Amino acid sequence: MTIIEEEYAWGAEPVPREKTLFIVLHHVGTAGSFSAQDIHRMHLRNGWRGIAYHYYIRRDGTVHRGRPENTVGGHTSGYNDRSVGVCFEGNFETETLTAAAYQAGLRLVAELQRRYPEAAVVGHRELTATACPGRNFPLNDMRKAKETVPMFADIENHWAKPYIERCAEAGLVKGRDTDTFAPDEPVTRAELCVILSRYMDKEAKA
């Protein structure tokens with residue numbers, strides 16, 4: 001998945017987050033069209049550090065970086081120090097997700113679930129008194145994203161799939177790009193050294 005990086009002028013620098021127990025899903029709550037920079041400006045006007053969410057998914061399926069993923073957000077009062085916030089463009093009290101936003105959301109949530117296996121996927125309304133992310137939002141589908149979205153699209157029928165996924169989940173290997181692994185491409189000596197170095201780092205921390 002390609003994340004569109006944004007340059008923000010922060011009202012105050014985001015601070016590091018030490019744990020992640022929730023992946024909180026939101027909607028903008030209005031039917032208009034808003035860029036990530038529009039959201040950032042609105043949140044600055046609220047007196048906040050800037051854009052409150054870590055990721056923002058637009059109707060066209062593009063995924064934009066908000067606050068750095070490892071920092072405290074500003075999206076869910078009482079839970080910001082232990083959650084990642086994902087916001088979808090639109091008002092899902094009155095509209096439904098576009099197909100592009102739905103697929104982008106599933107893939108992003110699946111990736112977050114793999115990075116934070118202990119984190120619960122929740123709607124904003126489950127933590128505070130709000131209708132967000134709206135009655136039409138497919139919350140249950142998003143909860144099951146990791147089960148329905150493959151880690152890499154090109155290993156589904158490969159004999160080494162469970163081993164590749166195990167190594168990827170452990171952080172030893174990564175895909176060739178955002179959605180593919182290229183399982184039958186040769187490994188260079190340099191790449192092998194990277195894999196072994198990652199393994200030794202994990203062993204040293206064990």
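Just above sits the structure.
Residues numbered from 1 in each chain as written. Predicted model: local features only at pLDDT ≥ 70, side-chain atom pairs only at ≥ 80, totals over all residues. Heavy atoms only, no water.

Caption draft 1: Structural view of the sheet that holds strand β1 (residues 3-4). Spatially, β1-β4-β3-β5-β2-β6 is the arrangement adopted by the six strands of the open sheet, whose pairing is mixed. In the strand order of this sheet, the two ends are held by β1 and β6 (120-123), each with one partner. Helix-sheet contacts for helix α2 (residues 99-115) involve β2 (22-27), β3 (55-57), β4 (63-65), β5 (83-88) and β6, and the interaxial angle to β3 is about 155°. (Pairing = 2+ DSSP bridges. Helix = DSSP H or I, 4+ residues; strand = E, 2+ residues; numbered from the N terminus. Contact = heavy atoms within 4.5 Å. Axes fitted to C-alpha atoms, helices over the stretch in contact; angles between N-to-C directions.)

Caption draft 2: Seen up close, the side chain of Asn80. Position of Asn80 relative to the elements: it lies in the loop between β4 and β5. Residue Asn80 is classed as buried on the basis of its relative accessible area of 16%. Looking at Asn80, its side chain comes within polar contact range of the main-chain nitrogen of His75, at 2.9 Å. Setting aside residues no more than four positions away along its own chain, Asn80 makes contact with Arg17, Val72, Gly73, Gly74 and His75. (Buried < 20%, exposed > 50% of the residue type's maximum accessible area, 1.4 Å probe, protein only. Polar contact = N/O pair within 3.5 Å; in protein donor to acceptor, adjacent residues only side chain to side chain.)

Caption draft 3: Structural view of the pattern of salt bridges. All chains considered together, the criterion is met by 10 salt bridges. With its nearest N and O atoms 3.1 Å apart, the salt bridge here joins Arg143 to Glu126. Highlighted residues: Arg143 in helix α3 (residues 139-143) and Glu126 in the loop between β6 and α3, separated in sequence by 17 residues. The partner of Lys161 in a salt bridge is Glu156, with the nearest N and O atoms 3.1 Å apart. Because the salt bridges share partners, they merge into one network encompassing Arg58, Arg59, Glu89 and Glu95. (Salt bridge = Lys/Arg side-chain N within 4 Å of Asp/Glu carboxyl O.)

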